[in-house]
Amino acid sequence: GNVAIARGAGDGTFTALSQARAQVGVLAVADFNGDGALDVAIRDSSLTGLRVLPTDGAGHLGAAITVDAAARPVALASGDLDGDGDADLAWIEESAALARATRGAASWSATSSVALSGSNYAAMALYDVDGDHQLDALLGSYTIELVGSLTAAPRAIGTRRAFDLAVADIDQDGRRDVVAGGESALLTLRDTTGDWVAATGLPAISGTAYRIDAADLDEDGALDLVVSLLGSGTRDIVLVHAHP
């Protein structure tokens, strides 16, 4: 397998630029070395360890840099975890633990992990849920869990299985919501007054939503959802339009 970069021409077409040999299990994209170019963090499924593939700003991949040689992530996300302005990494280990690594001036530093009580974790997202200027972790498994500041004990905020999570202000009330993709359903959780409530309004789907993302694709001011579905032996990508 390969990690491949394709440059967009702006007209819907792409040009392949660079590939790196890797059996990619999970990945995250951010500027991990501070040079202004987006890099790619991966777990190579054929190896143990979490690595970053730097790019040169022109779409070419460089030699892999090891973040944690012993890591075996099943879900991965990037964000500034220590408030220094750098892109750091957090991930869920195969052993059901939430781990993190922060980037220093010249190297990565792995920090302590939080034990998780669930199983079959498949997704995670980072954002500041409580407004304390520290990123929190949202985890998807047989339930949806919240880990405050990536250090608190996990607590369930949703009872449905989640294969992927998207964080966005779906209802345009100034607060971010969580959209979870699962088996035959899309679920929105809204943070109202410090608590989480299930919301309605998303259409029923046929199949399992394995990947989900939110963006204003028709430029009408309302966020839409792109969903990758698996069901009845077929794979589909569907667009869920929202109306402002």
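Here the residue numbering is sequential within each chain, running from 1 through the sequence in written order. Totals for whole chains, interfaces and linings use all residues, but because this is a predicted model, local features are given only for residues with pLDDT of at least 70 and pairs of side-chain atoms are given and counted only at 80 or more. Hydrogens and waters are ignored; side-chain quantities use all the structure's heavy atoms.

**A short note on the environment of Leu-138**
Working step 1: Helix and strand definitions here come from DSSP, where helices need a minimum of 4 consecutive H or I residues and strands a minimum of 2 consecutive E residues; each element is numbered from the N-terminal end. With respect to the secondary-structure elements, Leu-138 resides in strand E13 (residues 136–140).
Working step 2: Here Leu-138 falls in the buried class, since its relative accessible area comes to 1%.
Working step 3: Spatially, the C-alpha atoms of Leu-138 and Pro-154 are 9.2 Å apart, while their sequence positions differ by 16 residues.
Working step 4: Residues are treated as being in contact if the distance between any of their heavy atoms lies within 4.5 Å. Filtering out sequence-adjacent residues up to four positions away, Leu-138 remains in contact with Ala-123, Met-124, Ala-125, Tyr-127, Glu-145, Leu-146, Ile-157, Leu-165, Val-167 and Val-178. Note on exposure labels: buried denotes an accessible area under 20% of the residue type's maximum, exposed denotes more than 50%, and partly exposed covers the range between, all computed with a 1.4 Å probe on protein chains only.

**Brief notes about the side chain of Thr-55**
Working step 1: Structurally, Thr-55 can be placed in the loop between strand E5 (50–53) and strand E6 (65–68).
Working step 2: Within the structure, Thr-55 has its side chain in polar contact with the backbone oxygen of Leu-38 (distance 2.5 Å).
Working step 3: If we skip the residues at most four places from it in the chain, Thr-55 touches Ile-5, Asp-35, Ala-37, Leu-38, Asp-39, His-60 and Leu-61. Distance and chemistry together define a polar contact, namely a pair of N or O atoms within 3.5 Å, with one atom able to donate a hydrogen and the other to accept it when in protein, and with adjacent residues in sequence counting only for side-chain atoms on both sides.

**Looking at the packing of aromatic side chains**
For any pair of aromatic rings, the description rests on two quantities: the centre-to-centre distance and the angle between the ring planes.
Working step 1: In this scheme Phe, Tyr and Trp rings, the latter by its six-membered ring, pair at centre separations within 6.5 Å, and the angle between planes marks the pair as stacked below 30 degrees, edge-to-face above 60, and tilted otherwise. Under the criterion given, the structure shown has two aromatic pairs.
Working step 2: Taking 5.9 Å as the distance between ring centres and 55 degrees as the angle between the ring planes, the aromatic pair formed by Phe-32 and Trp-108 counts as tilted. Here Phe-32 is found in the loop between strand E3 (24–30) and strand E4 (39–44), whereas its partner Trp-108 is found in strand E10 (residues 108–110), with 76 residues between them in sequence.
Working step 3: When the ring of Phe-163 is compared with that of Tyr-210, the centres are 4.7 Å apart and the planes differ by 40 degrees; the resulting orientation is tilted. Of the two residues, Phe-163 is situated in the loop between strand E15 (155–158) and strand E16 (164–168) and Tyr-210 in strand E20 (residues 208–215); the sequence distance between them amounts to 47 residues.

**Some remarks on a nonpolar patch on the surface**
Working step 1: On the surface, Val-24, Leu-27, Val-29 and Leu-38 cluster together into a nonpolar patch covering about 330 Å² of accessible area.
Working step 2: For Leu-27, the location among the structural elements is in strand E3. Patches in this entry comprise residues that are over 30% relatively accessible and not in a salt bridge; like charges within 9 Å are linked, as are nonpolar side chains (Val, Leu, Ile, Met, Phe, Trp, Tyr) within 5 Å. Surface accessibility follows the Shrake-Rupley procedure with a 1.4 Å probe radius. Residue values consider only the protein chains on display as shielding. Whenever Lys or Arg places a side-chain nitrogen within 4 Å of a carboxyl oxygen from Asp or Glu, that contact is recorded as a salt bridge.

**Remarks on the sheet that holds strand E19 (residues 196–199)**
Working step 1: Across the sheet, which stays open at both edges, the four strands sit in the order E16-E17-E18-E19 with antiparallel pairing between neighbours. Edge positions in the open sheet fall to E16 and E19, since each of these has one partner strand only. Taking the axes of each pair of neighbouring strands and ignoring which way they run, one obtains an average angle of 25 degrees across the sheet.
Working step 2: For two strands to count as paired, DSSP must find a minimum of two bridges between them. For strand E17 (residues 177–182) and strand E18 (residues 185–191), the ladder comprises six bridges, and the chain directions are antiparallel. Its bridge partner lying in E18, Asp-177 is registered against Arg-190. Only C-alpha atoms enter the line fits that serve as axes; for helices the fit covers just the stretch in contact. Angles between N-to-C directions range over 0 to 180 degrees.

**Looking at the sheet that holds E15**
Working step 1: A sheet is described by the order of its strands in space; here four strands give the open sequence E12-E13-E14-E15, paired in antiparallel fashion. The open sheet has two edge strands with one neighbour each: strand E12 (123–127) and E15. Pairs of neighbouring strands in the sheet enclose a mean axial angle of 30 degrees, with direction left out of account.
Working step 2: Judged from the five bridges that link them, E12 and E13 form a sheet pairing that is antiparallel. Within the sheet, the bridge partner assigned to Met-124 lies in E13 and is Leu-139.

**Examining the pairing of E12**
Working step 1: Across the five residues that make up E12, a large majority, five, are buried.
Working step 2: The alternating pattern of E12 places Ala-123, Ala-125 and Tyr-127 on one face and Met-124 and Leu-126 on the opposite face, and all of these are buried.

**Side note on unusual backbone geometry**
Peptide bonds are trans in most cases, and residues, glycine excluded, mostly fall at negative phi.
Working step 1: At Ala-96, a residue that is not glycine, the phi angle is positive and equals roughly 65 degrees.
Working step 2: Within the secondary structure, Ala-96 sits in the loop between strand E8 (88–93) and strand E9 (97–103).
Working step 3: Located in the positive-phi region is Leu-150, a residue other than glycine, with phi close to 60 degrees.
Working step 4: For Leu-150, a relative accessible area of 5% corresponds to the buried category.

**Quick word on the pattern of salt bridges**
Working step 1: Summed over the entire model, instances satisfying the criterion amount to five salt bridges.
Working step 2: Two residues, Arg-103 and Asp-86, come together in a salt bridge whose shortest N-O distance is 2.9 Å. Here Arg-103, found in strand E9, pairs with Asp-86, found in the loop between strand E7 (73–79) and E8; they are 17 residues apart in sequence, far enough to count as distant.
Working step 3: Among the ionic contacts, a cluster of salt bridges with common partners joins Arg-43, Arg-72 and Glu-94.

**Some details on the side chain of Arg-103**
Working step 1: Taking the relative accessible area as the measure of exposure, Arg-103 reaches 12% and is therefore buried.
Working step 2: At a separation of 2.9 Å, a polar atom in the side chain of Arg-103 contacts the side chain of Asp-86.
Working step 3: Those residues in contact with Arg-103 that sit more than four places away from it in its chain are Phe-32, Asn-33, Gly-34, Asp-84, Asp-86, Ala-87, Asp-88 and Trp-108.

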